[in-house]
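Here is how the chains run, residue by residue.
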Amino acid sequence: MALAMTGILTQGSSAATLVAGTSMGFDLGPTASNNVVETINSLTNGAGETITAGNVLDRNGVVVDDVGVTVLATGFEFGNNDAATEAEVSGQTSNFNDSNLTDWFGRGSNGTAEIRLTGLDDNLSYDVFIGHAFVANTTNTDTLYGALGTDNSGITAVNSHDGTGDTFVWLRGLRSEGTNLTLTIQKAPGSGAAAVSAFTITAVPEPSVSALLGLGGMALILRRRK
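The shown structure was predicted, so the numbers you read here are calculated from the model rather than taken from an experiment.

What counts as what
- Residues numbered from 1 in each chain as written.
- Predicted model: local features only at pLDDT ≥ 70, side-chain atom pairs only at ≥ 80, totals over all residues.
- Heavy atoms only, no water.
- Helix = DSSP H or I, 4+ residues; strand = E, 2+ residues; numbered from the N terminus.
- Buried < 20%, exposed > 50% of the residue type's maximum accessible area, 1.4 Å probe, protein only.
- Contact = heavy atoms within 4.5 Å.
- Areas by Shrake-Rupley, 256 points an atom, 1.4 Å probe, with all protein chains shown as cover.
- Phe/Tyr/Trp six-rings, centres within 6.5 Å; stacked < 30°, edge-to-face > 60°.
- Lys NZ or Arg CZ within 6 Å of the ring centre and 35° of its normal.

Enquirer: Would you mind going over the overall build of the protein with me for this structure?
Expert: Looking only at helices and strands, the protein features 2 helices and 17 strands. Residues counted as buried form 46% of the 226 residues belonging to the protein. Across the protein, every contact between residues at least 6 apart in sequence was considered, and the portion connecting residues at least 24 apart equals 76%. Carbon together with sulfur atoms contributes 51% to the accessible area of the protein, which is approximately 10200 Å² in total.

Enquirer: What am I meant to see in unusual backbone geometry here?
Expert: Glycine aside, the phi torsion of most residues is negative, and most peptide linkages are trans. If you check the backbone angles, aspartate 66 has positive phi at about 80° while not being a glycine. With respect to the secondary-structure elements, aspartate 66 resides in the loop between β6 (63-64) and β7 (68-72). With relative accessibility at 54%, the residue aspartate 66 sits in the exposed group. Of note in the backbone geometry, threonine 179 takes a positive phi value of approximately 75° without being a glycine. By the element assignment, threonine 179 lies in the loop between β14 (168-175) and β15 (181-187).

Enquirer: How should I be thinking about the environment of aspartate 103 in this particular structure?
Expert: Position of aspartate 103 relative to the elements: it lies in strand β9 (residues 103-107). Separated by 93 residues in the primary sequence, aspartate 103 and valine 196 have C-alpha atoms spaced 8.7 Å apart.

Enquirer: I'm lost on the packing of aromatic side chains in this one. Help?
Expert: The geometry of two aromatic rings is summed up by the distance between their centres and the angle between their planes. Tallied over the entire structure, the rule returns 4 aromatic pairs. With a centroid separation of 5.0 Å and 15° between ring planes, the pair formed by phenylalanine 129 and phenylalanine 168 is classed as stacked. Of this pair, phenylalanine 129 sits in strand β11 (residues 124-131) while phenylalanine 168 sits in strand β14, and the two are 39 residues apart along the sequence. In terms of burial, phenylalanine 129 and phenylalanine 168 fall into one category: buried. Each residue in the set Phe129, Phe168 and Trp170 is aromatic and connected to the rest through ring pairs, giving one cluster. Arginine 172 extends its terminal NZ or CZ atom over the ring of tryptophan 170, reaching a point 4.0 Å from the ring centre.

So far we have only geometry, and geometry alone does not tell us how the molecule works.
Structure (C-alpha cells):
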C-alpha cells in the first residue's frame, strides 16, 4: 500500500547553533509529543522526506540552525500509523510516549535503510537513543542499528522482540563525517524484519575535550589550594 509522506513541524520562537547538550527528537509517524517536536509522517518506498535546515527543533522547541534530516525511503518497504494504546507497548520511557512508538517503518528483506542528519558539528560526538515498538512482541523484528563511517565501526545496538531487550537502545559516541551522520537500520541475524519508530540525538563533547576541561578544572583547584 502506497502511503503519502508529509513533514509537520512547529516553528520555534528563536534559533540556536548546535552545541554540546543540544538534543533533538524525531518521530517517524503522525504524532509527536514529550518534547519530540519534529514529526515525519507515513513513509513510502521510493519517496524520502527531508526536513531542511532552519526547520529542525530541539526538544525545548528552539530551532537548531544548520541541522536537517532526511529519511531515505528507498531503504524502507513498509510502514504503519498504528494508534495503539500504551498498554500494547512495553518499555515506555519518559523520552517518548506510546504514540511515538506505535507508528513505525521497516524492511523485510536484507539490506540497509538509512536516516541521514546533516549540518552537524564535526568537533562534537553524538549519542542516539533509537528504537521501535515490537519489544516483547511475537513479531520477529530484532533490529540492528548502527551508523556509517569508519569512526562509527563497531558502535551498534540490537532491539530484541522477545522481551529480553529494551524498547529503546543507545548508540553512543557516534561521529559525523563532513557534518553528516547516517544512521543505519537492518535486520539482526536471524530476524524476519527490521523496524524503527523514533529516536533522539544529543550532541556531546569529544572525550578528549572533556578530559582537557577536567584537567583544567583540577589545575584550578590545586592552584587555589596553594
